[in-house]
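Single-letter residue listing:
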Amino acid sequence: SLTYFWTQETTIFSSSKQAPTWVTLAVESGIHNEITLSDGTRIRLDAGSTLQYPAEFSDDNRTVLLSGEGYFEVISNVDKPFVIHANEAVVKVLGTKFNVRAWEPEQRVTVAVAEGKVALGAETKTQEAVEIIKGQMSTLPQNGRPTTPHSIDIDKQLGWMQREAFFDNVPLHEILYQLERWYKVQFVLEDASIAAEQLTVHIQTQSLEDTLELISGLTGLEYQRTDNVVRLRSRDPLREH
């Protein structure tokens, strides 16, 4: 089995004499991006994600920073762990394939493992890290502890790479945030209380118009699109008051 060692250092930068040169990759809305790091690790990034990484890794670790969502295929190196800092979470691996979802508005970080093992813990409480194995997922809520890893359909977690999303009892505002990144639009809810309503929906690669019809049918909301702004409002005028 793999063993993970958590360092006590608070810095994420190399302790070598020459500090590494850091690079920022910001993925535009509406597109995906893929990058291969200096060690051969491949990362696919969803629209709207940002990855910060050193042009060359240091001698003792491989550290990157993620905001958004990415699928990692980490090249194995038992002497140099691969570490991802995502919001307030730390994801640590030796060599494996896994997905990290770390959108700030969702206030949680989710890790789903396709191959190998991954450790997930909070920046401030790494001793409470959990080990996630193939076919499992764990979620770290903001200011909380990682959930007990549980079995999932990994294909659903990776659907975003084919512009496919599975939302199971998820607040409407999270779904709209995903659609904003994919379709380069801005949603405006005329009744803010609707944002928290829970929806279960499967969105496949399709036009924005088809997706809006789907959301409209599930929520009973009317939509009006003007250029890149989509307004959603209740068909029932009584809900406006």
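Preceding this section is the structure that the text describes.
Residues numbered from 1 in each chain as written. Predicted model: local features only at pLDDT ≥ 70, side-chain atom pairs only at ≥ 80, totals over all residues. Heavy atoms only, no water.

Describing the overall build of the protein
Phase 1 of the analysis: The helix and strand inventory of the protein stands at 3 helices and 18 strands.
Phase 2 of the analysis: Against the globule reference of 18 Å for 241 residues, the protein gives a C-alpha radius of gyration of 19 Å, in line with a compact fold.
Phase 3 of the analysis: Taken over the C-alpha atoms alone, the protein extends approximately 65 × 35 × 30 Å along its principal axes.
Phase 4 of the analysis: Expressed as a percentage of its 241 residues, the buried residues of the protein come to 44%.
Phase 5 of the analysis: The contacts in the protein between residues at least 6 apart in sequence include a share of 48% that link residues at least 24 apart.
Phase 6 of the analysis: Each charge class in the protein can be summarised by its mean position, and for the 22 positive and 34 negative side chains these summaries are 3 Å apart. (Helix = DSSP H or I, 4+ residues; strand = E, 2+ residues; numbered from the N terminus. Rg over C-alpha atoms; globule rule 2.2 N^0.38 Å. Buried < 20%, exposed > 50% of the residue type's maximum accessible area, 1.4 Å probe, protein only. Contact = heavy atoms within 4.5 Å. Lys, Arg positive; Asp, Glu negative; His and termini not counted. Charge placed at Lys NZ, Arg CZ, Asp CG, Glu CD.)

Topic: the sheet that holds strand 17 (residues 221-226)
Phase 1 of the analysis: Taken together, the 3 strands give an open sheet; going across it, the order is 15-18-17, and neighbouring strands pair in mixed fashion. Across the chains shown, the open sheet's two edge strands, defined by having one partner strand only, are strand 15 (186-189) and strand 17. Averaged over neighbouring strand pairs, the angle between their axes works out to 25° when direction is ignored.
Phase 2 of the analysis: Bridge count between strand 17 and strand 18 (residues 229-234): 6 bridges; the pairing is antiparallel. The residue of strand 18 that forms the bridge with threonine 226 is valine 229.
Phase 3 of the analysis: Lying over the sheet, helix 2 (residues 172-183) contacts strand 15, strand 17 and strand 18, oriented at roughly 155° with respect to strand 15.
Phase 4 of the analysis: Lying over the sheet, helix 3 (residues 208-219) contacts strand 15, strand 17 and strand 18, oriented at roughly 155° with respect to strand 17. (Pairing = 2+ DSSP bridges. Axes fitted to C-alpha atoms, helices over the stretch in contact; angles between N-to-C directions.)

With respect to the pattern of salt bridges
Phase 1 of the analysis: Counted according to the given criterion, the structure contains 13 salt bridges.
Phase 2 of the analysis: Glutamate 34 is paired through a salt bridge with arginine 42; the nearest N and O atoms lie 2.6 Å apart.
Phase 3 of the analysis: With relative accessibility at 40%, the residue glutamate 34 sits in the partly exposed group.
Phase 4 of the analysis: Residue glutamate 73 pairs with arginine 42 through a salt bridge whose shortest N-O separation is 3.9 Å. Of this pair, glutamate 73 sits in strand 5 (residues 62-73) while arginine 42 sits in strand 3 (residues 42-45); the two residues are 31 residues apart in sequence, bridging distant segments of the chain.
Phase 5 of the analysis: If you follow the salt bridges from partner to partner, you end up with Glu34, Arg42, Arg44, Glu73, Lys97 and Glu115 in one network. (Salt bridge = Lys/Arg side-chain N within 4 Å of Asp/Glu carboxyl O.)

Side note on the environment of glutamate 180
Phase 1 of the analysis: Here glutamate 180 lies in helix 2.
Phase 2 of the analysis: By relative accessible area, glutamate 180 is classed as partly exposed at 22%.
Phase 3 of the analysis: Along the backbone, glutamate 180 and threonine 124 are 56 residues apart, and their C-alpha atoms lie at a distance of 32 Å.
Phase 4 of the analysis: Beyond its immediate stretch of four places on either side in the chain, glutamate 180 contacts Ser29, Val185, Gln186 and Phe187.
Phase 5 of the analysis: At a separation of 2.8 Å, a polar atom in the side chain of glutamate 180 contacts the main-chain amide nitrogen of phenylalanine 187. (Polar contact = N/O pair within 3.5 Å; in protein donor to acceptor, adjacent residues only side chain to side chain.)

What about the nonpolar core?
Phase 1 of the analysis: Of all hydrophobic cores here, the largest spans 31 residues; its most connected members are Phe72, Ile84, Phe98 and Val100.
Phase 2 of the analysis: If near-sequence neighbours (up to four positions away) are discounted, phenylalanine 72 is found in contact with Arg42, Ile43, Val64, Leu66, Phe82, Ile84, Thr96, Lys97, Phe98 and Val100.
Phase 3 of the analysis: By size, the runner-up hydrophobic cluster in this structure holds 30 residues, among which are Phe167, Ile175, Trp182 and Val230. (Core = buried A, V, L, I, M, F, W, Y, C linked by side-chain atoms within 4.5 Å.)

Examining the side chain of serine 58
Phase 1 of the analysis: Residue placement: serine 58 occurs in the loop between strand 4 (50-54) and strand 5.
Phase 2 of the analysis: Within the local environment of serine 58, its side chain forms a polar contact with the side chain of aspartate 60, the two groups lying 2.8 Å apart.

Some remarks on the environment of arginine 145
Phase 1 of the analysis: By secondary structure assignment, the location of arginine 145 is in the loop between strand 12 (136-141) and strand 13 (150-151).
Phase 2 of the analysis: Sequence-wise, arginine 145 and alanine 129 are 16 residues apart; in three dimensions their C-alpha atoms are separated by 8.1 Å.
Phase 3 of the analysis: When near neighbours in sequence (up to four residues on either side) are disregarded, arginine 145 contacts Glu128, Thr139 and Leu140.
Phase 4 of the analysis: Only 3.2 Å separates the side chain of arginine 145 from the side chain of glutamate 128, close enough to count as a polar contact.

Quick word on the packing of helix 2 against helix 3
Phase 1 of the analysis: At their nearest, the axes of helix 2 and helix 3 sit 12 Å apart, and the two run at 175° to each other. Classified by the angle their axes make, helix 2 and helix 3 are roughly antiparallel. Residues Leu172, Ile175, Leu179 and Tyr183 of helix 2 touch helix 3, and the partners they reach there are Leu208, Thr211, Ile215 and Thr219.
Phase 2 of the analysis: Of the residues contributing to the contact of helix 2 with helix 3, the split by class is 6 nonpolar, 2 polar and no charged. (Parallel < 35°, antiparallel > 145°, perpendicular 65-115°, else oblique. Nonpolar A, V, L, I, M, F, W, Y, C, P; charged D, E, K, R; others polar.)

Read these as spatial facts, not as claims about activity.
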